[in-house]
Amino acid sequence: MLDERLLLCAAPALLAACSSGELAGTEPSEQLASAVAQTASLVPTSDVALDKIWGGGGTAPIFRLVDDGTSFAASDGGGTFARSAPGAATASLTLGYAGAPAGGARQVVVNVQAWAINGGAGTVRVHLYDGDTLLGSGPARALSASQQNLSETFGGLAVANGDRLRTELVFQNTAGTGSLVSSIVWIDVTTPDDDGGGSPPDEEPVVSDKLVPRNGAWWGAYNSSRNYGWDWGLAIKDFEAKAGRKLDIVYRYHDWGTTDNGVFPDRFETAQMNEGTIVHLSWESRRYSAGQNVTWTEIANGSQDAVIRAAAERAKNAPGKFMIAFDHEMDNTDVHSADGPDADYVAAYRRIVDMFRAAGATNVVWVWTPMGWSGTRARLPALYPGDSYVDWIGYDPYNFYECNGSGWKDPATTFGGHYDWMHAPAQMAWHGEKPYILSEFSSHEDPADPNRKGQWMRGIVDALKRYPDIKAVQFYNSNVTHRSPCKLAVDSSSQSVAGYAAAGSDPYVNQPHY
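All values reported here derive from a predicted model rather than from experimental measurement.

**Q** Is there a simple way to explain helix H7 (residues 342-358) in this structure?
**A** For an α-helix, 3.6 residues make a turn, and residues three or four places apart therefore share a direction. If you check H7, its first and last C-alpha atoms are 24 Å apart, about what 17 residues at 1.5 Å a residue would give, namely 24 Å. Taken residue by residue, H7 has Asp 342, Asp 344, Tyr 345, Val 346, Ala 348, Tyr 349, Ile 352, Val 353, Met 355 and Phe 356 as its buried positions. Contact partners of the buried residues in H7: strand S15 (278-283), helix H4 (296-300), helix H5 (305-316), strand S18 (322-326), strand S19 (364-368) and helix H8 (380-383).

Given below as structure tokens:
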């Protein structure tokens, strides 16, 4: 098997191992990009070719290292690959490669050695591009003062020209001092001819066993069936007609019990699974028709085991995998203030998962979904059931605007705050690297500007690309909230529907299911 390694060395101690020959030349200074512009666009830059960087393999320098114009200090001289500015800051570095293997690339493995210096703390993330097209993103990796060897694999690629490959490192320094650095980066490229045209045996599948798309994000929605005679299948079909496409994932709420709305998956959900749609259910500890709550304490102490056991038996006979969130927004005191202490929520969640697994319902993917509101974040570590019980992390961000007296927020601001908080090193310490889902997500209308919500919808996918751990979004197509009616539905206006449909055509949210 042909194994081409593209190697870049930067740290002075490593230069002796690399070939000689100095990269020369710079591009015009007006092409320098600011860190703000870089992180906003996530489009690779080609600003400054650094000197004192050598290509490996005993040849003349054949690779090109480019800087975004802000990650490096002038005194670095190539001594480090990247450095975020002291203080809480984000900086990025794009590496361009030349002389890549002929025939393009099917799989790329990006290897990074990185650490924090001078009290810095934060994360590094790898983005892989084909020219200006984002192919995929690795998770945010927390850095420490000790050197770490990190590796990200991007498989199932169809890159026609390996010279167009670009690796971007995005550093986020969350400390009040110090820097984040990387001293050596290389990529291993598997070409289409390596295995006679087939896929490498270790290639990452397009969808993981936990229903995570390898690239991009699932595009989904909740649509109330109130106006469809409670026909949940018809409700989704009508929404898909407005969206101009089939949804990847649909969201439903089920209450607690063994009859009526407590039975899942029901015939509508079974049909949707058979059609290839991913079904995501929020299982609530309430009995809707009776207006009663079933407390976390009751579930944790075993008195509700009959309900759990019946649900597990149905689940394991479903026609495929599906997702369950137990008590989404468990931190919402409007709903769960009388359900018991946080420890009982964790015990109830674990009891449910353990009983499903014991019954053989291993086709269930588990989602943990707090609100994502800053006012309850302090509770979240105590509400987290543990990495072995959680497959996805969800939250429910909204641009409520004047519906709750707040200012207008663009899509990235709407969901970026909680995402960034969850990815800070202090939070990563209590939860692992998980895919994220926006379980409920939408915007209010702006009465003063009927086009504003449509523009907001059009900007969603570009914003998603800045937060690559978000692997699914579910729009909330309803105007009903717990406190007051809001114009949150996707079809609240023709402009909103048009913007939503335009966003849904982006390749980033049109990923293969198998």
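**Q** Looking at this structure, I do not really get the side chain of Asn 477. What am I missing?
**A** Inspection of the secondary structure puts Asn 477 in strand S23 (residues 470-477). Within the structure, Asn 477 has its side chain in polar contact with the backbone nitrogen of Asp 491 (distance 3.3 Å).

**Q** Any chance you could explain the state of the cysteines here in plain terms?
**A** Two cysteines, two sulfur atoms, one covalent bond between them: this is a disulfide. Summed over the entire model, instances satisfying the criterion amount to 1 disulfide. With a sulfur-sulfur separation of 1.6 Å, Cys 403 is cross-linked through a disulfide to Cys 486. A torsion of -45° about the S-S bond marks the disulfide between Cys 403 and Cys 486 as left-handed. Within this pair, whereas Cys 403 is found in the loop between strand S21 (398-399) and helix H9 (411-423), its partner Cys 486 is found in the loop between S23 and helix H13 (494-503), the two being separated by 83 residues in sequence. Each member of the pair Cys 403 and Cys 486 is classed as buried.

**Q** Any chance you could explain helix H2 (residues 232-243) here in plain terms?
**A** Here H2 spans 16 Å end to end across 12 residues, near enough to the 16 Å set by a 1.5 Å rise per residue. The set of residues buried in H2 consists of Trp 232, Ala 235, Ile 236, Phe 239, Glu 240 and Ala 243. For H2, the buried positions fall inside an angular range of 130° around the axis, keeping them on one side. As for H2, its buried residues are in contact with strand S13 (218-223), strand S14 (249-254), helix H3 (267-274), S23 and H13. The distance from a side-chain oxygen at the start of H2 to the backbone nitrogen of Gly 233 is 3.1 Å, and the residue carrying that oxygen is Asp 231. The first or second residue beyond H2 is Gly 244, which carries a positive phi of 75°.

Definitions and limits used
- Residues numbered from 1 in each chain as written.
- Predicted model: local features only at pLDDT ≥ 70, side-chain atom pairs only at ≥ 80, totals over all residues.
- Heavy atoms only, no water.
- Helix = DSSP H or I, 4+ residues; strand = E, 2+ residues; numbered from the N terminus.
- Expected span 1.5 Å × (residues − 1).
- Buried < 20%, exposed > 50% of the residue type's maximum accessible area, 1.4 Å probe, protein only.
- Contact = heavy atoms within 4.5 Å.
- Polar contact = N/O pair within 3.5 Å; in protein donor to acceptor, adjacent residues only side chain to side chain.
- Disulfide = S-S within 2.5 Å.
- Arc of directions from axis to C-beta.

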